[in-house]
Amino acid sequence: MENVRVFRNINTVDKLFGLEVADGCVLLLAFFVVFMVNKNGLFSNGLVLFLVYLGLRSLKRGKPDGYLLALTRYVLMSRFKRVAKLDDAEAVQ
């Protein structure tokens, strides 16, 4: 039986410059925020975006795929779940 050369594994996550799609969205959000704050500073904005990129890469170093999404869900999740209001039938009279 001959080996078939496969150039990409189906189970791997799509990455561009070491970042997943969600990381690219964070970088895009940082791009919009930086250029809304300082419209004329191309060099300083590029430096900030490069630092955000390095920060994302260092945050994800050695972590499994989808780590940033799980971390974001954990941070945005409320610590205490709200208790639902009682219906009229359940209220103590």
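Look above for the structure.
To keep things clear, this report deals only with the structure shown in the data block. (Residues numbered from 1 in each chain as written. Predicted model: local features only at pLDDT ≥ 70, side-chain atom pairs only at ≥ 80, totals over all residues. Heavy atoms only, no water.)

1. Some remarks on the packing of aromatic side chains
- All chains considered together, the criterion is met by two aromatic pairs.
- Measuring from ring centre to ring centre gives 5.6 Å for Phe 31 and Phe 32, while their planes differ by 70 degrees; the resulting arrangement is edge-to-face.
- Judged by relative accessible area, Phe 31 falls into the partly exposed class, the value being 32%.
- The exposure class assigned to Phe 32 is partly exposed, which follows from its relative accessible area of 47%.
- Where Phe 31 meets Phe 35, the ring centres are 4.7 Å apart and the plane angle is 50 degrees; that geometry is what we call tilted. Within this pair, Phe 31 and its partner Phe 35 are both found in helix α1 (residues 21–37), separated by four residues, close to a single helical turn.
- Counting every residue linked through ring pairs, the aromatic cluster contains Phe 31, Phe 32 and Phe 35.
- Between the NZ or CZ atom of Lys 63 and the centre of the ring of Tyr 67, over which it lies, the distance is 5.4 Å. (Phe/Tyr/Trp six-rings, centres within 6.5 Å; stacked < 30°, edge-to-face > 60°. Buried < 20%, exposed > 50% of the residue type's maximum accessible area, 1.4 Å probe, protein only. Helix = DSSP H or I, 4+ residues; strand = E, 2+ residues; numbered from the N terminus. Lys NZ or Arg CZ within 6 Å of the ring centre and 35° of its normal.)

2. What to know about the side chain of Asp 23
- Note that Asp 23 resides in helix α1.
- On the accessibility criterion, Asp 23 (0% relative accessible area) is buried.

3. A short note on the packing of α1 against helix α2 (residues 42–60)
- Where α1 meets α2, the closest approach of the two axes is 10 Å, and the angle between their N-to-C directions is 155 degrees. Relative to α2, the element α1 is oriented roughly antiparallel. Where α1 crosses over α2, the two elements pack in a sense that is right-handed. Residues Asp 23, Val 26, Leu 27, Ala 30, Phe 31, Val 34 and Phe 35 of α1 pack against Leu 42, Asn 45, Val 48, Leu 49, Val 52, Tyr 53, Leu 56 and Lys 60 of α2.
- Here the contact of α1 with α2 is composed, by residue class, of twelve nonpolar, one polar and two charged. (Axes fitted to C-alpha atoms, helices over the stretch in contact; angles between N-to-C directions. Parallel < 35°, antiparallel > 145°, perpendicular 65-115°, else oblique. Left-handed = near helix turned anticlockwise from the far one by under 90°. Contact = heavy atoms within 4.5 Å. Nonpolar A, V, L, I, M, F, W, Y, C, P; charged D, E, K, R; others polar.)

4. A closer look at the packing of α2 against helix α3 (residues 67–76)
- Viewed as axis vectors pointing N to C, α2 and α3 meet at an angle of 95 degrees, and their least axial separation amounts to 10 Å. Comparing their axes, α3 and α2 come out roughly perpendicular. Here Leu 56, Leu 59 and Lys 60 of α2 lie close against α3, whose contacting residues are Tyr 67, Leu 68 and Leu 71.
- Here the contact of α2 with α3 is built from residues that sort into five nonpolar, no polar and one charged.

5. Thoughts on a nonpolar patch on the surface
- A contiguous nonpolar patch, built from Leu 28, Leu 29, Phe 31, Phe 32, Val 33, Met 36 and Val 37 and spanning about 720 Å² of accessible area, is present on the exposed surface.
- Along the polypeptide, Leu 28 turns up in helix α1.
- Accessibility expressed as a relative area gives 47% for Leu 28, which makes it partly exposed. (Patch = residues over 30% accessible without salt bridge, like charges linked within 9 Å, V, L, I, M, F, W, Y side chains within 5 Å. Areas by Shrake-Rupley, 256 points an atom, 1.4 Å probe, with all protein chains shown as cover. Salt bridge = Lys/Arg side-chain N within 4 Å of Asp/Glu carboxyl O.)

Any functional reading would require information that these geometric values do not contain.
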